[in-house]
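Topology and contacts: notes
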Amino acid sequence: MFADFLKRLIQPEPAQLPDADARLALCALLVRLARTDGHYAASEIEWIDAIIAARYGLDAQEAHDLRRHAEVLESEAPDTVRFTRAIKDAVPYEDRLSVIEALWQIALADGSRDAEEDAMLRMVSNLLGVSDTDSALARQKISAQS
């Protein structure tokens, strides 16, 4: 199932993803960020579930199921560079910008900024085609909400 999805995603010219596939791919980026430091904490899992439930209007079970699928996709996805470039080509800018906000929520969830997470966010923002300015504004927006 995920092999076909990944094959479609990393085609030289991928078609725009249907909403359900875009949700899955973008959720997989949240999982990848949470796993960046080698410690995938229960608190990060809870945050991911809460973010995707709120963002996509899902109940707790639906959010849990989406995250579990995204965990599998993330583990099978190619390196971050190829994965994010593929998403950039297949997902509209507004959706990519909203995932940067969600990534900042995960990165700032514990109240501190981790150097590995910062580096990952800078790289992912760039590869998704989100400007440094828009990423900084997203971080400031999330910081103000905390």
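Our subject in this report is the structure included herewith. (Residues numbered from 1 in each chain as written. Predicted model: local features only at pLDDT ≥ 70, side-chain atom pairs only at ≥ 80, totals over all residues. Heavy atoms only, no water.)

1. Considerations on the overall build of the protein
Of regular secondary structure, the protein possesses 8 helices and 0 strands. Starting at the N terminus and walking to the C terminus, you meet the elements of the protein as α-α-α-α-α-α-α-α. Taken across its 146 residues, the protein has 46% of its residues classed as buried. If you take every contact in the protein between residues at least 6 apart in sequence, the share linking residues at least 24 apart comes to 77%. Accessible surface, the protein: about 7,400 Å² in total, of which carbon and sulfur atoms supply 50%. (Helix = DSSP H or I, 4+ residues; strand = E, 2+ residues; numbered from the N terminus. Buried < 20%, exposed > 50% of the residue type's maximum accessible area, 1.4 Å probe, protein only. Contact = heavy atoms within 4.5 Å. Areas by Shrake-Rupley, 256 points an atom, 1.4 Å probe, with all protein chains shown as cover.)

2. Quick word on the pattern of salt bridges
Here the structure, examined in full by the defined rule, presents 6 salt bridges. Note that Lys-141 and Glu-101 form a salt bridge whose closest N and O atoms lie 3.3 Å from each other. Of this pair, Lys-141 sits in helix α8 (residues 132-145) while Glu-101 sits in helix α6 (residues 93-108), and the two are 40 residues apart along the sequence. Using a relative accessible area of 16% as the deciding quantity, one classes Glu-101 as buried. What you see here is one network of salt bridges that share partners, running through Asp-49, Arg-67, Arg-68 and Glu-71. (Salt bridge = Lys/Arg side-chain N within 4 Å of Asp/Glu carboxyl O.)

3. A word on the nonpolar core
The nonpolar side chains of a soluble globular protein tend to be buried with one another. Leu-30, Ile-48, Ile-52, Ile-87, Ile-100, Trp-104 and Leu-128 are the most contacted members of the largest nonpolar core, which totals 40 residues. Counting residues per element, the ones that place at least two in this core are α2 (19-35), α3 (42-56), α4 (60-76), α5 (80-90), α6, α7 (115-127) and α8. Per-element tally for this core: the top contributor is α2, with 11 residues. (Core = buried A, V, L, I, M, F, W, Y, C linked by side-chain atoms within 4.5 Å.)

4. Let's talk about the packing of α2 against α5
Following both chains from N to C, one finds α2 and α5 inclined at 150 degrees, their axes separated by 11 Å at the closest point. By the angle class used here, α2 and α5 are roughly antiparallel. Of the two possible hands of crossing, α2 and α5 adopt the one that is left-handed. The residues of α5 that touch α2, namely those facing Ala-25, Leu-26, Ala-28, Leu-29 and Arg-32, are Thr-80, Phe-83, Thr-84 and Ile-87. (Axes fitted to C-alpha atoms, helices over the stretch in contact; angles between N-to-C directions. Parallel < 35°, antiparallel > 145°, perpendicular 65-115°, else oblique. Left-handed = near helix turned anticlockwise from the far one by under 90°.)

5. Observations concerning the environment of Tyr-40
Locating Tyr-40 in the fold gives a position in the loop between α2 and α3. Residue class for Tyr-40 comes out partly exposed when judged on its relative accessible area of 22%. Not counting residues up to four positions away in its chain, the partners in contact with Tyr-40 are Val-31, Ala-34, Arg-35, Ile-45, Ile-48, Arg-67 and Glu-71. A polar contact of 2.7 Å, which involves the side chain of Tyr-40, links it to the side chain of Glu-71. (Polar contact = N/O pair within 3.5 Å; in protein donor to acceptor, adjacent residues only side chain to side chain.)

6. Here's the deal with the packing of aromatic side chains
Applying the stated criterion to the full structure yields 0 aromatic pairs. Sitting above the plane of the Tyr-40 ring, Arg-35 keeps its charged end 4.9 Å from the centroid. For the cation-ring pair, Arg-139 lies above Trp-104, with the distance from its terminal atom to the ring centre recorded as 5.7 Å. (Phe/Tyr/Trp six-rings, centres within 6.5 Å; stacked < 30°, edge-to-face > 60°. Lys NZ or Arg CZ within 6 Å of the ring centre and 35° of its normal.)

7. Details of the side chain of Glu-101
A polar contact of 3.3 Å, which involves the side chain of Glu-101, links it to the side chain of Lys-141. When near neighbours in sequence (up to four residues on either side) are disregarded, Glu-101 contacts Arg-55, Ala-138, Lys-141 and Ile-142.

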